[in-house]
Every structure is written in structure tokens, then in C-alpha cells.
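Chains, contacts and geometry: an overview
Each chain, letter by letter, is given below.
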Amino acid sequence: DIQLTQSPSSVSASIGDIVTVTCRASQSVSQWIAWYQQRPGRAPRLLIYDASSLQSGVPSRFSGRGSGTDFTLTITNLQPEDLATYYCQQGNSFPATFGGGTKVEIQ
Amino acid sequence: EVQLVQSGAEVKKPGESLKISCQGSGYSFLAYWIAWVRQVPGKGLEWMGIIFPGDSDTRYSPSFQGQVIISVDRSTNTAFLQWTSLDASDSAIYLCARYRGMNHNHGMDVWGQGTTVTVSS
């Protein structure tokens, strides 16, 4: 199975800050990385697919980049509603796998 | 509106069987892969397996192969996740999700609300 390692596991930031989450794959996943936001008590929500494509309806302050084994999710101008846990997921090969998650807290 | 609606919470005893459901609407159900994802409260997401409703092609994570059965009823646009003998370790929230696009590379864009399964004697 392809392992996805996210860092940091948690981050605390202020409104308006830039937050960057990293996802590293144990082997190349090409561009087949998706990023999800899971707010407390809610189902996950797709933010980014194919490493850098913004899902319809997602604010443009979310962006993704990377290819191969190293990927980042960046949240610019952090908002109160961005309080959530963020997961990366690879769709390159079976079984699909998720990263361990990054909890974003608002200071 | 494109949506997946899951069946309600379940409380079961160890050794009992269970089948939970995920009904799709608002889109061509047969044309998109459906995934099942487990989440133990307070923990991360675990991909269990997927099914393509059009032809019932099914893939399982090795971690769940032989532990659960994924199936589909095309007449009701419903996917199922089934256990024949539950264990306390199966207590979790189970989420179904639709893969974006017609293959399984592009992430999951529609999610059910989750079904909480509690297994306790």
C-alpha cells in the first residue's frame, strides 16, 4: 500500500494567515492526489483533485500543488470556517489511502 | 440535487450480521464508482473498497477483504456494506462517497452523511 504522511499533524493560526499542509507519498502517485476538509461532526468535503484542480464551489483561497511524491495544500487568508481537519488521499493505485490528517485550529 | 443518503444508526451485538445502505439520486448512479470509508470517532479516514454499479466490479482494501461485502442494487440505485459477523472493533462511522468522474483517480466529490455502527454486548 502507498503510505501518505501529512505534516504537521496540527497547526494553530490566526485569521488572515497562510497555512500550508504537506503530504508525502511513499512512492510516486503521479498527480492523483485529492485534498479533503472535514469539519467537526461533518462528512469530508472535496477541495482539490488531481493535485491542483479546485473543486467547484470551493473558495479560491484553497490551492494545491505537487506531483510525484510531494504535495501541498495551501490556505491563504485563513477564515473561521476553515477550522477543520484536512486529509490528502491518493488515487494512483489500489488500495486508495488517506493521510493521517492535519487539524487546523484558529488562534 | 446530487446526493447520497445513508441508512440510519445501528446498534448490534457481537456476532450479529448487518447490512447498511447508501442510495444515490440526482445523477446517473450506474456510471460512477462508489466507495466506502471507515472512521473511528476521533480518528482518521480508512478506505475500505469501491464498487462500480454499472457492472458490480468491486475492489477491496486488503485490510477489509474478507471482513465485509460491498454490493449494489441497480434497481434502487443503492450500494450496500455488509457484515456477516460483527465484532466490537467494527464500531465506527461508515461513509459512502461517489468518485468524481468515471474512474477512481480523481477524488470523491459527493459524500453520504455517514452511518454510525455500534457493536456492544
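Look a little higher up for the structure.
Residues numbered from 1 in each chain as written. Chains lettered and ligands numbered in written order. Predicted model: local features only at pLDDT ≥ 70, side-chain atom pairs only at ≥ 80, totals over all residues. Heavy atoms only, no water.

All right, on to the interface of chain A and chain B then. On the chain B side, the residues contacting the 19 residues of chain A number 22 residues. Approximately 1700 Å² of surface area, both sides summed, lies buried where chain A meets chain B, with 63% of it carried by carbon and sulfur atoms. Of all residues in chain A, P44, F94 and F98 of chain A bury the most surface against chain B, accounting for 33% of the area lost on that side. Where chain A touches chain B, the interface holds 0 salt bridges. Elements with a minimum of two residues in the side of chain A that touches chain B: β4 (33–38), β5 (45–49) and β9 (84–90) of chain A. Sort the elements by how many residues they give to the side of chain A that touches chain B and β4 of chain A lands first, with 3 residues. Here the side of chain A that touches chain B is composed, by residue class, of 12 nonpolar, 5 polar and 2 charged. (Contact = heavy atoms within 4.5 Å. Buried area = accessible area lost by both parts, 1.4 Å probe. Salt bridge = Lys/Arg side-chain N within 4 Å of Asp/Glu carboxyl O. Helix = DSSP H or I, 4+ residues; strand = E, 2+ residues; numbered from the N terminus. Nonpolar A, V, L, I, M, F, W, Y, C, P; charged D, E, K, R; others polar.)

A probe as big as a water molecule, rolled over the atoms, marks out the empty space that is left. Volume-wise, the largest pocket comes out at about 440 Å³. Contributing to the lining of the largest pocket are 22 residues, with Q38, R39, P40 and G41 of chain A together with Q39 of chain B lying nearest its centre. Elements with a contribution of two residues or more to the lining of the largest pocket: β9 of chain A together with β9 (92–99) of chain B. Considering each element in turn, the lining of the largest pocket owes the most residues, 3 residues, to β9 of chain A. Residue composition of the lining of the largest pocket, by class: 9 nonpolar, 9 polar and 4 charged. (1 Å grid on protein atoms, 1.4 Å probe; cavity = no way out; pocket = protein on both sides within 12 Å on 5 of 7 lines; lining within 4 Å. Points joined across faces, edges and corners; volume = space filled by probe spheres on them.)

With that out of the way, let us pick up the environment of N105 of chain B. Along the chain, N105 of chain B turns up in the loop between β9 and β10 (108–111). At a separation of 2.7 Å, a polar atom in the side chain of N105 of chain B contacts the main-chain carbonyl oxygen of G91 of chain A. (Polar contact = N/O pair within 3.5 Å; in protein donor to acceptor, adjacent residues only side chain to side chain.)

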